[in-house]
Amino acid sequence: MRKVLYAAWTVKHKPKSLAEVVGNKEVIQKFVNWIRSWEKGIPKKRAAFLYGPPGIGKTVTVEALANDFQMELVEKNASDYRTESAIRRFAGLASQYGSLFGGKRIVLLDELDGLTGTADKGGVKATTEIIKSAQCPVVLIANNAYDPRFSNLRNYCLLIEFKKPPAGEVMKHLKRICTREGIQADENASKLIAQRSGGDVRSAVNDLQALAQGKKRLTYEDVSWLSYRDRQETIFTVLRMIIYGKTCVGAKRAVDMADVDIDMLFEWIYENVPAHLTDPHDLARAMDALSIADVYRGRIRATQDWSFTRYLIDYMTAGVAMARQNTKAHGWIPFKFPGRIRMLSRSKAERAMQLGIGYKIKRKCHISAVRASKEILPYLRIIFKNNMNMAAGLAKWLDLNPEMVEYLAGSKERSKGIIKLLS
Amino acid sequence: MSFGMWAEKYRPKTLDGMVNQKEIVERLKSFVKSRNVPHCIFAGPPGTGKTTAALCLARDLYGDAYREHIMELNASDERGINVVRETVKTFARVRSIGEISFKIMILDEADNMTSDAQQALRRTMERYTETCRFILIANYSGKIIEPIQSRCAPFRFTYLPRGEHDRYLRQIAEKEKVKLLDEGLDAVFEVCSGDLRRAINTLQAAASLDKPVDAKVVYSITGRANPADVQKMIEIAMNGNFLEARKQLRDMIQKYGVAGSDIIRQIHTEIFRADMPEQWKIKLADIVGEIDYRLVEGADEEVQLSALLARLVEAGYELRKAN
């Protein structure tokens, strides 16, 4: 199978300058003023503490600022060990304003919430020490600056609160990305993604990529399912937990985090397993797990005994997770919206039409509208496509309206011909 | 101009006109004679004359104005408990005017009623027996709750025997001036397996093509799996492209309405024709059999069949490795 490597759009389309950062204009100005104040000597607060909910551009702002002001950005984040001694080693960097080659420097300590009790022991204290003697701007980032652990640290920092940008701002950003990617996005499609993101720009961009990548046009129907879900845990996180899960319990727990129902989650897994499990044995195992899961769905339906749901969940989550034995993780593979559901939502209007015709058949044929639309309608289609006379007779007998005739005939011209025969 | 659906046009109007289900028809005639009808369950596969029998019974009983004395409800469209509480009850409790003191409620596709609705129905049946008799029509009587079953006279409808099926279709073909070839008739029977409504619809759709009805015409309009498509899908899977194979499968099921059981039968045939080591064929046959079994129990044909495709991808990979 061909491996396709994708770049995450959150990285590819990251703002390069402050002007491109989404929202928080006044907040950013406050931050810029503080950086500028360093040119006149060391200010009273040697550190800025940026805080606010995830995905709203705190880190991006610092990176863009460093770029705009041509400063060297020295960064530590949660992936690095931040014990007291590790931070002290890092402290040296903060001890001089200019770097070796004459440029200015910013020291960034990102994801400060991630400082944990044991592994990063003394980290907060050491950070405070660095700030006290810093010779260059130090920037701290956390979701919650009011964590009691930071109470002393806060005294030495200029607190800057980042707020969720309004949906309109997020939407502008999404549109910019679409333009660059050559995607024509419907106004209400990007609007819905923006609204549902609740100001989390990063997840909005992730959603956009999952829904729009590889397309020429993004319609409202493509994204409409988004309105069904909550933003607490995105479906992508849930899928990652299942498809890349290492333990049965972990994969199973994903179900509780998902904000879609079991059938919808099944569709998501069923759609995405093949692209993520490229080894033929892994794929066969995973699909077999889904097949057994589906058998349990059938048993639940037959017996109406919903307690079987636990086995359905076992196979569709843990079963899929344990299937992965040979496939190596490679690149970033986007999760795709279930194709079958897309087909269904696209044909919503079509189903309404079919049922409408079903009701017409029901009035004449002693059969339910539901069954008529499934069992008799296909025959009508064949007749309407092949025999205008017979079609006209049936149209009259069933009292079909012109739209129904056109739907069955498959084209405007043909339906015109049929209707002509009626008069 | 041929008018309407033939399945309706040629639906028998009276019990005497019913060609099949002889024993059932005789019993129903005795109800007409005694001017009394018990609650009934008509159970059996589709297209075997259940609804027709109920309508014929009503017409024989009440005469041409039978529509004033009966109500037809379709549980697939109106399956909730409220329908029983309101529509059914309202109809059932009002006495019929005329020689016969009771009305008839025909509940079609009753196996689609929710169990709540069935529980509610049970009381209504008991309470208003004087004024209303129920005929419940279902494919599976097992889906009707036990207490209702025990209150009803059961009638089991079976598929039409081949001879009656053929006679009936030939008659219609003759009246509609359709040239129905023997092989066409064979094909209709094979595809519809005795479901007369489907058979007549198939005949009418085939006739709309305005040419003699042969086997090819019949297969082309009934959405049977085309062997060439299945063969191609197997090839794509064995070459390792699972996603493309699944797409083909999806098209077959969703666009062309091919039944999963039909596809799996074709796959089974194709495997023994395929160019691969003999011992692999039997290995794959075992996998096909397992999926075929799961298809019966499972909920979703595409999921089951794509699990089979994944196995074919795996087999193709192993075969290439061995070479």
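Residues numbered from 1 in each chain as written. Chains lettered and ligands numbered in written order. Predicted model: local features only at pLDDT ≥ 70, side-chain atom pairs only at ≥ 80, totals over all residues.

(A) Seen up close, the overall build of chain B. Helices and strands together make up the secondary structure of chain B, namely 15 helices and five strands. By the burial criterion, 44% of the 323 residues in chain B qualify as buried. For chain B, the proportion of contacts with a sequence separation of at least 24, taken over those separated by at least 6, is 77%. (Helix = DSSP H or I, 4+ residues; strand = E, 2+ residues; numbered from the N terminus. Buried ≥ 20, exposed ≤ 12 C-beta atoms within 10 Å, placed from the backbone. Contact = placed C-beta atoms within 7 Å.)

(B) Quick look at the overall build of chain A. Helix and strand counts for chain A stand at 21 helices and seven strands. Relative to its 423 residues, chain A shows a buried fraction of 44%.

(C) Broad picture of the sheet that holds strand β2 (residues 71–76) of chain A. Residues and elements named next belong to chain A. Within the open sheet, the five strands sit side by side as β2-β3-β4-β1-β5. Their pairing is parallel. The open sheet has two edge strands with one neighbour each: β2 and β5 (157–161). Direction aside, neighbouring strands of the sheet carry axes that sit 25° apart on average. Pairing between β2 and strand β3 (residues 104–109): six bridges, direction parallel. When the bridges of β3 are listed, V74 appears paired with V107. Contacts from helix α2 (residues 25–37) reach β1 (47–51) and β5, with the element oriented near 160° to β5. (Pairing = 2+ DSSP bridges. Axes fitted to C-alpha atoms, helices over the stretch in contact; angles between N-to-C directions.)

(D) Structural detail: helix α8 (residues 182–192) of chain B. Residue and element names in this part refer to chain B. Looking at α8, one finds that the buried residues are G184, L185, A187, V188 and C192. Around the axis of α8, the buried residues are gathered within 160° of arc, so they sit on the same side. Immediately downstream of α8, the backbone of S193 shows phi near 40°, a positive value. (Arc of directions from axis to C-beta.)

(E) A look at the nonpolar core. Core analysis: the biggest nonpolar cluster contains 64 residues, and I242, I269, L290 and V320 of chain A together with A237 and L309 of chain B have the highest contact counts within it. If you tally residues by element for this core, the top one is helix α14 (residues 280–303) of chain A, at 10 residues. If we skip the residues at most four places from it in the chain, V320 of chain A touches I242, I243, I269, V273, A286, A289 and L290 of chain A. By size, the runner-up hydrophobic cluster in this structure holds 63 residues, among which are A145, F150, A204 and L208 of chain A. (Core = buried A, V, L, I, M, F, W, Y, C linked by C-beta atoms within 7 Å.)

(F) Geometry of the sheet that holds strand β1 (residues 40–43) of chain B. Residue and element names in this part refer to chain B. Taken together, the five strands give an open sheet; going across it, the order is β2-β3-β4-β1-β5, and neighbouring strands pair in parallel fashion. The open sheet has two edge strands, β2 (70–74) and β5 (153–156), and neither has a second partner. Across the sheet, the axes of successive neighbouring strands diverge by a mean angle of 15°, strand direction being ignored. Where β1 meets strand β4 (residues 132–138), four bridges bridge the pair, whose relative direction is parallel. Looking at β4, one finds that A43 is bridged to A138. Across the sheet, helix α3 (residues 50–62) touches β1, β2, β3 (103–108) and β4, and the angle it forms with β4 is around 160°.

(G) Representation of the interface of chain B and chain A. Counting from both sides, the interface comprises 41 residues of chain B and, opposite them, 39 residues of chain A. For the side of chain B that touches chain A, the elements supplying multiple residues, two or more each, are α1 (6–9), α3, β2, α9 (196–207), α12 (242–255), α14 (278–297) and α15 (301–322) of chain B. No other element matches the nine residues that α15 of chain B contributes to the side of chain B that touches chain A. The residue inventory of the side of chain B that touches chain A, partitioned by class, reads 16 nonpolar, 14 polar and 11 charged. (Nonpolar A, V, L, I, M, F, W, Y, C, P; charged D, E, K, R; others polar.)

(H) Inspection of the packing of helix α18 (residues 369–386) of chain A against helix α19 (residues 388–398) of chain A at higher detail. Residues and elements named next belong to chain A. At a minimum axis distance of 6 Å, the contact between α18 and α19 shows a crossing angle of 130°. The angle between α18 and α19 places the two elements in the oblique class. When you trace α18 past α19, the crossing you get is left-handed. Residue-level contacts link L380, I383 and F384 of α18 to M390, A391 and L394 of α19. For the contact of α18 with α19, the residue count by class is six nonpolar, no polar and no charged. (Parallel < 35°, antiparallel > 145°, perpendicular 65-115°, else oblique. Left-handed = near helix turned anticlockwise from the far one by under 90°.)

(I) Structural view of unusual backbone geometry. Residues and elements named next belong to chain A. Residues other than glycine seldom take positive phi values, yet N24 does so here, at roughly 55°. Structurally, N24 can be placed in the loop between α1 (9–12) and α2. The phi angle at Q70 is positive, at roughly 50°, despite the residue not being glycine. Mapping Q70 onto the fold places it in the loop between α3 (58–68) and β2.

(J) A look at the confidence of the model for chain A. Mean pLDDT over chain A works out to 83, with 87% of the residues at or above the 70 mark. By mean pLDDT, the top-scoring element of chain A is helix α15 (residues 309–323) of chain A (95), and the lowest-scoring one is helix α16 (residues 339–346) of chain A (65). (pLDDT = per-residue confidence, 0-100.)

(K) Fine view of the pairing of strand β4 (residues 138–142) of chain A. Residues and elements named next belong to chain A. With five of five residues buried, β4 is to be regarded as a mostly interior element. In β4, alternate side chains face the same way, and those of V138, L140 and A142 on one face and V139 and I141 on the other are all buried. The pairing of β3 with β4 spans three bridges and is classified as parallel. Bridge pairing in β4 places L109 opposite L140.

(L) Geometry of the packing of helix α8 (residues 187–197) of chain A against helix α9 (residues 201–212) of chain A. All names here are of chain A. Look at α8 against α9: their axes get within 8 Å of each other, and the N-to-C directions meet at 140°. With respect to their mutual orientation, α8 and α9 come out oblique. Here α8 and α9 pass one another in a crossing that is right-handed. Only V201, S203, A204, D207 and L208 of α9 make contact with α8, whose side of the interface consists of I193, A194 and S197.

(M) Broad picture of the environment of K336 of chain A. Residue and element names in this part refer to chain A. Secondary-structure assignment places K336 in the loop between α15 and α16. Residues K336 and A212 lie 124 residues apart in sequence; the distance between their C-alpha atoms is 9.4 Å. In contact with K336, other than residues within four places in its own chain, are A210, E271 and N272.

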